[in-house]
2 protein chains.
Amino acid sequence: MQNKSVSQTEENYLKVIYKLDEKAEGKISTSSISEMMGIAPASVTDMLGKLSDKKLISYKKYQGVSLTPSGRKTAVMVIRKHRLWEHFLVEKLGLSWDEVHEIAEQLEHIRSEKLFDKLDAYLKFPKFDPHGDPIPDSNGNFTNTSAIPMSSCNLNGKYLITGVADHSAEFLRYLTRTGMILGCQFTVKEKQEYDNSFLILKQGTKNELAVSNEIAKKLLVTKARD
Amino acid sequence: MQNKSVSQTEENYLKVIYKLDEKAEGKISTSSISEMMGIAPASVTDMLGKLSDKKLISYKKYQGVSLTPSGRKTAVMVIRKHRLWEHFLVEKLGLSWDEVHEIAEQLEHIRSEKLFDKLDAYLKFPKFDPHGDPIPDSNGNFTNTSAIPMSSCNLNGKYLITGVADHSAEFLRYLTRTGMILGCQFTVKEKQEYDNSFLILKQGTKNELAVSNEIAKKLLVTKARD
DNA sequence: TAATTAATTTAGACAAATCTAAAAATATGT
DNA sequence: ACATATTTTTAGATTTGTCTAAATTAATTA
């Protein structure tokens, strides 16, 4: 009953299933996986059979899939590697947060326990990646955060930007341009009724900044003490 | 006339062809590639056809192969990536020189110009990897060295260990155990006629060390000023 | 140089991961 | 609840990189 080896492709499927599970939008369907991966539904069905044979997912035809403990662990370890590399690329090599995802997609499949133990230590066991996503530790445990979407901030509340819900390069570059980067503190000055947009005042600045509801939904914040 | 994309597998073939070319043992044959890669000769023939179609090698049936400029460039860039990563793994992460090869074999296929520019700068543009092999710069130029095998050292000559001709983990661990690591300086005290072994005195030590011809052939040294 | 041996290539097959088109199962709407 | 629409699966094909066995070419040796 050995750990059968898991291919890169299989790792990618598990990662996507994990992410769909995390979103908790009910059943994980063949089509949702197909759509997220840009792969034909028939190909997904095929792979689900293989992952099921390897006991990485449980799968009944037409009924959607779920991760087994072993499949979940594999997925979490891929995510751990991805986020550790992203941290490295930004903090050590000085790449920007909008250009590390693609590179980390490649690096996340490197196989070497020891490498990742050493990398983790070298980076001082970071808890979060450059987008504010938690980095699971070597046992697969995540740090819990109480981040909420900016769209649910209270008037006059003081918050800290701690994450993003949209990882696209375009969105990240928009945030960089407007100075809404991780760690930035702000106070909600106004909440517009008609379009749910905000006027915020960033700490250390003078001019208020308008933030649309679209943007606010994609920004994750935590309450700062006033 | 675009750069067609080169698969990981193709990169590995080009790297092996490059290394066989470097050894300059005459014609690069199907069987030498087969042997070095542990892949059946028939499979190699097949791949040579593909590489030839892509103009990465020139290949006439039964006549052996040689790299085209484009194939050589690809090979050199793979070697550059491999050696940069090895340097990183040893100097930054603290892995030992006998355990980095396998990991670098995976890392050498990561695609991102920018990553390697940044990594190179981060490592301060190293000229040599942990085994003393030269790291080509971003234009593919190698630093020239005048290393010779230790087996051709002169009696009473003073030398510096600067490289290895055998990269196996076993050999590297043997060197580590006996303290014959890169940068170590020594003087040749005796040269045995009957077995071509040496007695050397390492700088800063008191006891002479016996080095068999087998070992001496696999150690690369440069003359030190006396 | 002719015969034998060795190296190389060809032919045909296979596994992994994908595709398209068609069939089957499930879900939806009046 | 039945007809229709959607989702999922099956079937069969394709590409890449590999294999073994057989055929062909080149090299060696008697």
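Residues numbered from 1 in each chain as written. Chains lettered and ligands numbered in written order. Predicted model: local features only at pLDDT ≥ 70, side-chain atom pairs only at ≥ 80, totals over all residues. Heavy atoms only, no water.

Another aspect to go through is the nonpolar core. Ranked by internal contacts, the top residues of the largest apolar core, which has 36 residues, are Trp 85 and Phe 88 of chain A together with Trp 85 and Phe 88 of chain B. Of all the elements in the fold, those that place two or more residues in this core are α4 (69-91), α5 (101-107) and α6 (113-122) of chain A together with α4 (69-91), α5 (101-107) and α6 (113-122) of chain B. Tyr 18, Ile 28, Leu 51 and Leu 67 of chain B belong to the second-largest nonpolar core, a separate cluster that totals 21 residues. (Core = buried A, V, L, I, M, F, W, Y, C linked by side-chain atoms within 4.5 Å. Buried < 20%, exposed > 50% of the residue type's maximum accessible area, 1.4 Å probe, protein only. Helix = DSSP H or I, 4+ residues; strand = E, 2+ residues; numbered from the N terminus.)

To continue, consider the protein's contact with DNA strand C. Within the structure, DNA strand C sits among 21 residues, and Ser 43 of chain A together with Thr 30, Ser 31, Tyr 59 and Lys 61 of chain B are positioned closest to it. Counted by atom, the contact set of DNA strand C within 4 Å of the protein is 79% sugar and phosphate. With respect to DNA strand C, the side chain of Ser 7 of chain A contributes an N or O atom lying 2.8 Å from a phosphate oxygen. Here a phosphate oxygen of DNA strand C and a side-chain polar atom of Thr 30 of chain B are 2.8 Å apart. If you list the elements that add at least two residues to the surface near DNA strand C, you get α1 (8-23) and α3 (41-53) of chain A together with α2 (30-37) and α3 (41-53) of chain B. Among the elements that take part in the surface near DNA strand C, α3 of chain A stands out by supplying 5 residues, more than any other. (Near = heavy atom within 4 Å. Polar contact = N/O pair within 3.5 Å; in protein donor to acceptor, adjacent residues only side chain to side chain.)

Attention now moves to the environment of Phe 128 of chain B. Residue and element names in this part refer to chain B. With respect to the secondary-structure elements, Phe 128 resides in the loop between α6 and β3 (148-149). We classify Phe 128 as partly exposed; its relative accessible area is 31%. Sequence separation between Phe 128 and Glu 86 is 42 residues, and the spatial gap between their C-alpha atoms is 9.8 Å. Beyond its immediate chain neighbours, meaning those up to four positions away, Phe 128 contacts His 87, Asp 133, Pro 134, Ile 135, Thr 143 and Thr 145. (Contact = heavy atoms within 4.5 Å.)

Residues and elements named next belong to chain A. Read from one edge to the other, the open sheet built from 6 strands follows the order β3-β8-β4-β5-β6-β7, with strand pairing classed as antiparallel. Each edge of the sheet is formed by a strand with only one pairing partner; in this case those strands are β3 (148-149) and β7 (209-211). Of the strand pairs in this sheet, strand β6 (residues 198-202) and β7 are connected by 3 bridges, and their pairing is antiparallel. Within β7, the position partnered with Leu 199 by the bridge is Ala 210. (Pairing = 2+ DSSP bridges.)

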